[in-house]
Amino acid sequence: EEISRISTGQHYPLKKTTIVEKGEVQHIYTTDSPVTIYGDTDSVQGDSVINTNFGLFEIWRLFETSTNINVDSDKEHALFDDLMCLTYDPNTMKSIQLKVREIYRHRVTNKSRYQLTNDDSVLYVTGDHSCMVMRDNELIEVKPNQILSTDKYISVDEYDELYLHDANCVEVEPFEDEWVYDIVMEDNTIPYFFANNILVHNSNYYKILGVDNLDDA
């Protein structure tokens, strides 16, 4: 309960479920909290365009549409109930709209900025943002400074159809005292989203799950 309160600013009571199996009693403790623990702070520039179920939005404008914004230290979290955005399903190898858990932002100063380009789009990301590329016919996650000239971006056209494009990435002038943004997808098995029609990785996070005893909780 305390982790939920600290992380979200809201109280989610601890729930106990009792299971009896083969004469043994087991108690499972859970909460309904949408708690996330972040593994990194990779981010895209505020004017990056996101394809959503409500249309195309620059990510900073999308952030501002939330009616539930929480402040946690140096990050601000915009939570959503009905927002979806375009992502990539590696199982079907097609683009698909899936639910967004939240968008968060934080302010950076003198942080490295990289420019990713395809035929029609330019995307600016922080140096620690995870990009998705096809390398040797495999989709892999890399940082901008690890992108090879032989890599391919997965991109989408105006009809949300996928195509591969040569990966072009260069370091440009750093971010200077500005907000940068990232998306957290609801389904962590498909942790991607398209920004300016280029596939990137969403923020890493871990969900707090049920435990077997109160001490662990």
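Right above here is the structure, for reference.
Since this is a predicted model, take the numbers as computed values, not measurements.

Draft legend 1. View of the packing of aromatic side chains. Under the definition given, this model contains 1 aromatic pair. Residues Phe63 and Tyr181 carry aromatic rings whose centres are separated by 5.8 Å and whose planes lie at 75° to one another, so their mutual orientation is edge-to-face. Pair noted here: Phe63 is in helix H2 (residues 59–64) and Tyr181 is in strand S18 (residues 178–185), with a separation of 118 residues, a long-range link. The exposure class of Phe63 is buried, given its relative accessible area of 0%. On the accessibility criterion, Tyr181 (4% relative accessible area) is buried. The residue whose ring lies beneath Arg105 is Trp179, and the NZ or CZ to ring-centre distance is 4.1 Å. Over the ring of Phe175 we find Arg113, and its NZ or CZ is 4.0 Å from the ring centre.

Draft legend 2. Fine view of the layout of surface pockets. Size it by volume and the largest pocket reaches roughly 320 Å³. Contributing to the lining of the largest pocket are 16 residues, with Leu79, Phe80, Asp81, Asp82 and Arg101 lying nearest its centre. Here the lining of the largest pocket is composed, by residue class, of 7 nonpolar, 4 polar and 5 charged.

Draft legend 3. How the structure looks around the pattern of salt bridges. The final tally for this structure, using the stated rule, is 10 salt bridges. The closest approach of N and O atoms between Lys75 and Asp74, which form a salt bridge, is 3.9 Å. Ionic pairing is found between Asp151 and Arg135, a salt bridge with its closest N-O pair at 2.7 Å. Highlighted residues: Asp151 in the loop between strand S14 (138–142) and strand S15 (152–156) and Arg135 in strand S13 (residues 131–135), separated in sequence by 16 residues. For Asp151, a relative accessible area of 0% translates into the label buried.

Rules behind the numbers
Residues numbered from 1 in each chain as written. Predicted model: local features only at pLDDT ≥ 70, side-chain atom pairs only at ≥ 80, totals over all residues. Heavy atoms only, no water. Phe/Tyr/Trp six-rings, centres within 6.5 Å; stacked < 30°, edge-to-face > 60°. Helix = DSSP H or I, 4+ residues; strand = E, 2+ residues; numbered from the N terminus. Buried < 20%, exposed > 50% of the residue type's maximum accessible area, 1.4 Å probe, protein only. Lys NZ or Arg CZ within 6 Å of the ring centre and 35° of its normal. 1 Å grid on protein atoms, 1.4 Å probe; cavity = no way out; pocket = protein on both sides within 12 Å on 5 of 7 lines; lining within 4 Å. Points joined across faces, edges and corners; volume = space filled by probe spheres on them. Nonpolar A, V, L, I, M, F, W, Y, C, P; charged D, E, K, R; others polar. Salt bridge = Lys/Arg side-chain N within 4 Å of Asp/Glu carboxyl O.

Honestly, that's just the spatial picture; any functional story needs more than this.
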